[in-house]
Amino acid sequence: MSLDVSPELLAEAESGDIREEDFVATVRTSLPYAYDLIASLAAELESGTAEFTDNQTPPPSEKERGQLLRALASDAIRGSLERHFAVELAFQNCHRVAAFRPGARTTGGTYGRFTSPRSQVLNQSPEFRDC
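**Observations regarding the side chain of Arg-96**
Tracing the sequence through the fold places Arg-96 in strand β3 (residues 96-100). Within the structure, the side chain of Arg-96 is placed 2.7 Å from the side chain of Asp-54, a separation counted as a polar contact.

Below, the structure is given as structure tokens:
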């Protein structure tokens, strides 16, 4: 299971829409490594002038890697985090997450190069095979 959903949030979802803030709070407590990593990338991006910031450090354990994979594999989680932090996320390998400025997907450029098949191939190494 990806998220530890409170009985209150579950009841709210069963009766209709939920507030995105409540969903993001659930993500924060359920997937703290992924949430904190994306928060730090967003803060670094906001404080600088670079087109993107990225993480190239592997997670400390498989538990944290699993959190990151679950967060980025879910459209709902990923989209909510992007809106919450006002970034566009890109993902390579098992842990290389990048935060781009809003609009990066539509303008292509650096985002397009980062997410290209060529870039994916160039960022492979034997240690990523089993991650």
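**Looking at the pairing of β3**
Within β3, five of the five residues are buried, which leaves the element mostly enclosed by the surrounding structure. By the alternation rule, side chains of β3 split into Arg-96, Ala-98 and Phe-100 and Val-97 and Ala-99, which are all buried. As consecutive antiparallel partners, strand β2 (residues 88-92) and β3 are separated by three residues, and within that stretch Asn-93 has a phi angle of approximately 55°, a positive value.

**Examining the packing of aromatic side chains**
In the structure shown here, the tally under the stated rule is three aromatic pairs. Where Phe-52 meets Phe-100, the ring centres are 4.9 Å apart and the plane angle is 20°; that geometry is what we call stacked. On the criterion of sequence distance, the pair formed by Phe-52 in strand β1 (residues 52-54) and Phe-100 in strand β3 is long-range, its members being 48 residues apart. A residue is classified by how much of its surface remains accessible, and Phe-100, at 1% relative accessible area, is buried. An aromatic cluster is present here, built from Phe-52, Phe-100 and Tyr-111 joined pairwise through their rings.

**Focus: the sheet that holds β2**
In spatial order, the strands read β1-β3-β2; together these three strands make up an open sheet with antiparallel pairing. Edge strands, defined here as strands with exactly one partner in the open sheet, are β1 and β2. Neighbour-to-neighbour, the strand axes of this sheet turn through a mean angle of 20°, independent of strand direction. Looking at chain direction, β2 and β3 are connected through five bridges and run antiparallel. From the neighbouring strand, Leu-89 faces β3, where its bridge partner is Ala-99. The sheet contacts of helix α3 (residues 32-47) involve β1, β2 and β3, and relative to β3 the element is tilted by about 40°. Sheet strands in contact with helix α4 (residues 62-73) are β2 and β3, and its direction is about 125° off that of β2.

About the thresholds
Residues numbered from 1 in each chain as written. Predicted model: local features only at pLDDT ≥ 70, side-chain atom pairs only at ≥ 80, totals over all residues. Heavy atoms only, no water. Helix = DSSP H or I, 4+ residues; strand = E, 2+ residues; numbered from the N terminus. Polar contact = N/O pair within 3.5 Å; in protein donor to acceptor, adjacent residues only side chain to side chain. Buried < 20%, exposed > 50% of the residue type's maximum accessible area, 1.4 Å probe, protein only. Pairing = 2+ DSSP bridges. Phe/Tyr/Trp six-rings, centres within 6.5 Å; stacked < 30°, edge-to-face > 60°. Axes fitted to C-alpha atoms, helices over the stretch in contact; angles between N-to-C directions. Contact = heavy atoms within 4.5 Å.

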